[in-house]
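Letter by letter, the chains look like this.
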Amino acid sequence: MPTISNTVINLDSSAPAGYQRDVKITLVYDSETQALPVASTSPESSPIGTLRLRMNTQGTWSTDLIDNSIIEPAGSAYKVVEGSGPDARTYFIEVADDDAEVKDILVAEPDFTP
């Protein structure tokens, strides 16, 4: 599985000191097409549910995620929420078969209701 990572930075490109926040990653998919998503070649690794992790004190996090191309139904994406409340940052990403940073795999918000 590819490793996905991100580092939260200030507007001046510096790392925020002590910026340790929760990160929530959820697979979003068209539930009208299929009741539950399935990873066709990785049955031991389920994309179902929500993954929660914590940034380190430098605002960096990483985790392994299942490649979207092997998830049914097609067209799924991961919703990444860094932090909470008014300071939360939300992204949608599509994971390929290679390690990547969030900024390189951003996609538009899916047009279906997850």
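What counts, and where the lines are drawn
Residues numbered from 1 in each chain as written. Predicted model: local features only at pLDDT ≥ 70, side-chain atom pairs only at ≥ 80, totals over all residues. Heavy atoms only, no water. Salt bridge = Lys/Arg side-chain N within 4 Å of Asp/Glu carboxyl O. Helix = DSSP H or I, 4+ residues; strand = E, 2+ residues; numbered from the N terminus. Buried < 20%, exposed > 50% of the residue type's maximum accessible area, 1.4 Å probe, protein only. Contact = heavy atoms within 4.5 Å. Pairing = 2+ DSSP bridges. Axes fitted to C-alpha atoms, helices over the stretch in contact; angles between N-to-C directions. Patch = residues over 30% accessible without salt bridge, like charges linked within 9 Å, V, L, I, M, F, W, Y side chains within 5 Å. Areas by Shrake-Rupley, 256 points an atom, 1.4 Å probe, with all protein chains shown as cover. Lys, Arg positive; Asp, Glu negative; His and termini not counted. Charge placed at Lys NZ, Arg CZ, Asp CG, Glu CD.

Caption draft 1: Examining the pattern of salt bridges more closely. Evaluation of the coordinates by the stated rule reveals 2 salt bridges. The partner of Arg54 in a salt bridge is Asp22, with the nearest N and O atoms 2.9 Å apart. Of the two residues, Arg54 is situated in strand E4 (residues 50-54) and Asp22 in strand E2 (residues 22-28); the sequence distance between them amounts to 32 residues. Note that Asp104 is salt-bridged to Lys103, the shortest N-O span being 3.5 Å. The pair Asp104 / Lys103 is uniform in exposure class, with both members exposed.

Caption draft 2: Examining the environment of Thr3 more closely. Note on placement: Thr3 falls in strand E1 (residues 3-7). A residue is classified by how much of its surface remains accessible, and Thr3, at 27% relative accessible area, is partly exposed. In this view, Thr3 contacts Ser62, Thr63, Asp64, Asp99 and Ala100; residues no more than four positions away in its chain are not counted.

Caption draft 3: Molecular detail of the sheet that holds strand E5 (residues 60-64). Here we have 3 strands laid out as an open sheet, ordered E5-E1-E9, and mixed in their pairing. Edge strands, defined here as strands with exactly one partner in the open sheet, are E5 and strand E9 (100-101). Bridge analysis of E1 against E5 gives 5 bridges, and the strand direction is antiparallel. Looking at the pairing, Ile4 lines up with Thr63 of E5.

Caption draft 4: View of the sheet that holds strand E8 (residues 89-93). Read from one edge of the open sheet, 4 strands run E4-E2-E7-E8, paired in antiparallel fashion. Edge positions in the sheet fall to E4 and E8, since each has one partner strand and no second. The average angle at which neighbouring strand axes cross in this sheet is 20°, direction not considered. The pairing of strand E7 (residues 77-82) with E8 spans 5 bridges and is classified as antiparallel. Its bridge partner being in E8, Glu82 is matched across the sheet by Arg89.

Caption draft 5: Up close: a negative patch on the surface. Taken together, the side chains of Asp64, Asp97, Asp98 and Asp99 make up a negatively charged region of the molecular surface. Overall, Asp64 belongs to the partly exposed group, its relative accessible area being 41%.

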